[in-house]
Each structure stands twice: as structure tokens, then as C-alpha cells.
Amino acid sequence: MSEKELPDHLREDYLSEETKTLFFALPSTKDFLGKLYNYQGCWYYPNTLLGVLNFQKGFTPQETDIVIASFPKSGTTWLKALTVALLERSKNSSSDLPHPLQSDNPHGLVPFLETNVYLNCSTPDLTKFSSPRLFSTHMPLHTLKVPFKDSPFKIVYVCRNVKDVLVSQWYFRCAYLQTEVDKSLLESSLDSLCSGVGYFGPFWENVLSYWRGSLEDPEHVLFMRYEEMKSEPAAQVKRLAEFLGCPFTEEEEEGGSVDKILELGLGKKSESEKPNRTRSEKVAPNPNRN
């Protein structure tokens, strides 16, 4: 696959000579898509790393900011949709207006800081984001908190069983490369997860950074498990609402508001990310979806 066929965040065509010199000093390796660089303990493709640096350099936090965080293929889309549904509910929007989830994808409503918002420059126009601003990331917590250091922003992290992450990555890669399910790609994905050398890896360091953050600062870091979201969705969406400061009232619960939020959250999820998907089902994902 040529570089021009890759999404922008996986390429290296945005790099200046100065940036290339900086990257040259970093540990690096290659995988099936291209070169990876290790920055602050995490592996990135070149343009994605540029987005990380742009974010750390140029982002100015607001106290009401909310960040949806995860390791790739861990339920990001579902958590984004639920968060949007909860916050839209709290705005008491007119029922005559179309719901954002009915006209846009969760990734369009909650863009990634490093692969969307700050991919091209360190000073993007953020005026289109209303308060509370919603962003997402796959960066580990210590990297994310560089510009957020003194801001009481909120982070919601979703973790998924590593075996299911592996299988999801395997099918994703096969579909992305437009090939039949290939055992060799499963082996390379397993090697990547075990060694920790892979896009946004190491897996356990990514997960543990947020787990530790949730223990140290539970008011600002919420750690959620994909499996619990599947097994007890109502309880988990109420937990999320409490954390975001928009809890359900008794009247709302009796009126079915929780179920409505869950329906909205499921409505925009792809078949590859719905909670009842079995491991044996084939996935045909969007290559830009993380």
C-alpha cells in the first residue's frame, strides 16, 4: 500500500525538515503500514506524532472540557455517542431540532485531538466548539496532561479486554488491506500487543495510565470497562451521567430517559462495534475510525 493511499494521520508528508530532524533522534521501528516513532513512551506514526506535538504546544484548556480516551478498538465510538446523547439531553434542546447523532457520526462530533484537530497546525480554529467542548484521544494520560496540567477538565476512559482488542484489530487490518482473514496478520497483531511496539502502544501502559489517574483523581478521571457497558448498560450510563454532572432525575428514570439515551448511543454505532457482536463475525470498518 502506497503512502498516498493512507489516511493523513498515518503518513509523514506534513513534516518539515526541522521536525524530521527532531524525529530522527527518537527510537523508531516499522510495521505493515510504515514508520513508528516513540515519544514519551508511546508509539506514533509520523503525522500523528506531529499532531501530538502541535496539541502540546498550542492547546489552551477550558475548565469545562471533556475528553473521551481509549486505546484503539476499545469501544470509542460507543462511548462518544453516549456522551453526546447525555450532554445534548442536559441542554434541554427543542424537540423540533434534529439530534446531532441523527445527522453526524460520533467521530465527527467528538474529533481526535492528535489525528484531527491538531494534525495540521498548533493553532486550529476551535470557535465551533460550544461549552462543554468534547474531544477524544488515544494518547496516554501523561502525554495528554501536558497542556491540561492545571485545568480541572474531565476524562472518561474506556478499557476493553485485550483479547477482544486483538481480534478487532485483526479483522480491521484485514478489511483495511482488502484481504481475506489472514492468520499472519493476527500473529503480527499479537506480537505488537505483546511487545508493546505498535500504534499508541504499549497497550497496558495506556490502560494503566488512566487506571492510576482514576484512583488518584476520581473526580476528574472516570475509568469504564467495555464489558460492564455491555452487561449493565443502564447502570453504566447513569454512572457516566453522574460523572459528567448531568445525573438523571427520578422522573427521568421513570419516564424512560435512560433507555432513550442508550438507543441514541447504539443508533450510530457500526455493526463492528455493537456490544453483541461475536468474535467470529467479520468486520468491514472505516479506515479512518479508531
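Below is a summary of the structure that appears in this document. A quick note: this is a predicted structure, and the numbers were derived from the prediction, not measured.

Quick look at the overall build of the protein chain now. Per the secondary structure count, the protein chain includes 13 helices and seven strands. The proportion of buried residues among the 290 residues of the protein chain is 51%. Put simply, of all contacts in the protein chain between residues at least 6 apart along the chain, 72% involve residues at least 24 apart. Entry remark: accessible area of the protein chain is about 14,100 Å², with carbon and sulfur atoms responsible for 50%.

What follows is about the packing of helix H7 (residues 162-176) against helix H8 (residues 183-195). Between H7 and H8, whose axes approach to 9 Å, the crossing angle comes to 135°. In terms of orientation, H7 lies oblique with respect to H8. At the point where H7 passes H8, the crossing takes the right-handed sense. Across from Val162, Leu166, Gln169, Trp170, Arg173 and Cys174 in H7, the residues of H8 making contact are Lys183, Leu185, Leu186, Ser188, Ser189, Leu190 and Leu193. The class makeup of the residues in the contact of H7 with H8 is eight nonpolar, three polar and two charged.

Let us now look at the pairing of strand S6 (residues 154-159). A large share of S6 lies buried, amounting to five of its six residues. By the bridge criterion, five bridges tie S6 to strand S7 (residues 221-225) in an arrangement that is parallel. Bridging from a neighbouring strand, Ile155 pairs with Val221 of S7.

Calculation criteria
- Residues numbered from 1 in each chain as written.
- Predicted model: local features only at pLDDT ≥ 70, side-chain atom pairs only at ≥ 80, totals over all residues.
- Heavy atoms only, no water.
- Helix = DSSP H or I, 4+ residues; strand = E, 2+ residues; numbered from the N terminus.
- Buried < 20%, exposed > 50% of the residue type's maximum accessible area, 1.4 Å probe, protein only.
- Contact = heavy atoms within 4.5 Å.
- Areas by Shrake-Rupley, 256 points an atom, 1.4 Å probe, with all protein chains shown as cover.
- Axes fitted to C-alpha atoms, helices over the stretch in contact; angles between N-to-C directions.
- Parallel < 35°, antiparallel > 145°, perpendicular 65-115°, else oblique.
- Left-handed = near helix turned anticlockwise from the far one by under 90°.
- Nonpolar A, V, L, I, M, F, W, Y, C, P; charged D, E, K, R; others polar.
- Pairing = 2+ DSSP bridges.

Interpretation in functional terms is not warranted from these geometric data alone.
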